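# Commentary on secondary and tertiary structure
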Amino acid sequence: VGDFYQGGVVFYIFQSGDTGYIAGETHGLIAAVADQSSGIRWSSGSYVFIGAIETAIGTGIANTTAIISVHSAQGQTETSYAAGLTKAYNGGGYTDWFLPSKDELNQMRINRGTINTTAAANGGSDFSSDYYWSSSETGTTGAWIQGFGNGQQVSTNKYYDNIRVRAVRAF
């Protein structure tokens, strides 16, 4: 945790029980060194329940894939909503970035000091104290957000366009 690796900062190592854990191997999650947006919507299409409800570590990629699938079918521009924006990101030359799940986002907040230090040393920037989107949906009109200043995790309207985004990738 804290290493600059594969285009970002390692902030979590998978543990037994996590999706993505493989016994005897080291795998985990990497945060981008900077935000991809200081304010964007979770959803840019019509209100629809996507089913991206997973919150656990290791589930952000599946949520992101589901979100993008629905928005692509609606004809939405990839960079007009949070999940699409993370998928379009190519930090470090990697193209497998995604929007973190609720629990992944919380781990980013827990390790934000370490992430900030390594990000700054590698051309990035600190997390804001504002709210960040997760890929975890709470229903037809809501999704989880995480306050990086106050630590709160709350559901908010998918159309709020003042929520930040920071991409994640697995290794």
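Residues numbered from 1 in each chain as written. Predicted model: local features only at pLDDT ≥ 70, side-chain atom pairs only at ≥ 80, totals over all residues. Heavy atoms only, no water.

## Notes on the overall build of the chain
Definition in use: Each helix is a run of DSSP H or I of at least 4 residues and each strand a run of E of at least 2, with the numbering of both proceeding from the N terminus. The globule rule used for comparison is 2.2 Å times the number of residues to the exponent 0.38, while the radius of gyration itself is calculated over C-alpha atoms. Per-residue accessibility, obtained with a 1.4 Å probe over protein chains only, is compared with the maximum for each type, and a residue is labelled buried under 20%, exposed over 50%, and partly exposed between these values. The criterion used for residue contact is that any of the two residues' heavy atoms lie within 4.5 Å. Here, Shrake-Rupley sampling with a 1.4 Å probe gives the accessible areas, and only protein chains in the shown set may cover a residue. Think of it this way: Lys and Arg go in the positive column, Asp and Glu in the negative one, and His and the chain ends go nowhere. By convention, charge coordinates are those of NZ in Lys, CZ in Arg, CG in Asp, or CD in Glu.
Each helix and strand in the chain was counted, giving four helices and nine strands. The N-to-C order of helical and strand elements in the chain reads β-β-β-β-α-α-α-α-β-β-β-β-β. A compact globule built from 171 residues would reach a C-alpha radius of gyration of about 16 Å, and the chain, at 15 Å, matches this within 12%. The burial tally for the chain puts 49% of its 171 residues in the buried class. Long-range contacts, defined as pairs at least 24 residues apart, comprise 67% of the intrachain contacts of the chain with a sequence gap of at least 6. Surface accessibility of the chain: about 7,200 Å² in total, with carbon and sulfur atoms responsible for 46%. Where the 9 positive side-chain charges of the chain centre and where its 13 negative ones centre are 6 Å apart.

## Structural notes on the environment of G92
Here G92 is to be found in the loop between α2 (82-88) and α3 (102-110). Residue G92 is classed as exposed on the basis of its relative accessible area, which comes to 59%. Considering only alpha carbons, one finds G92 and V33, 59 residues apart in sequence, at a separation of 9.6 Å.

## Observations concerning the pattern of salt bridges
For the record, the criterion: A carboxyl oxygen of Asp or Glu within 4 Å of a side-chain nitrogen of Lys or Arg is what we treat as a salt bridge.
All told, the structure shown has five salt bridges when counted by the stated rule. We note a salt bridge from D35 to R164, for which the minimum N-O separation is 2.9 Å. Here D35, found in the loop between β3 (28-31) and β4 (37-40), pairs with R164, found in strand β8 (residues 163-165); they are 129 residues apart in sequence, far enough to count as distant. Residue R164 is classed as buried on the basis of its relative accessible area of 17%.

## Observations concerning the environment of S38
Topologically, S38 is positioned in strand β4. Residue class for S38 comes out exposed when judged on its relative accessible area of 54%. C-alpha of S38 to C-alpha of G60: the two residues are 22 residues apart in sequence and 20 Å apart in space. In contact with S38, not counting residues within four places along its chain, are N162, I163 and R164.

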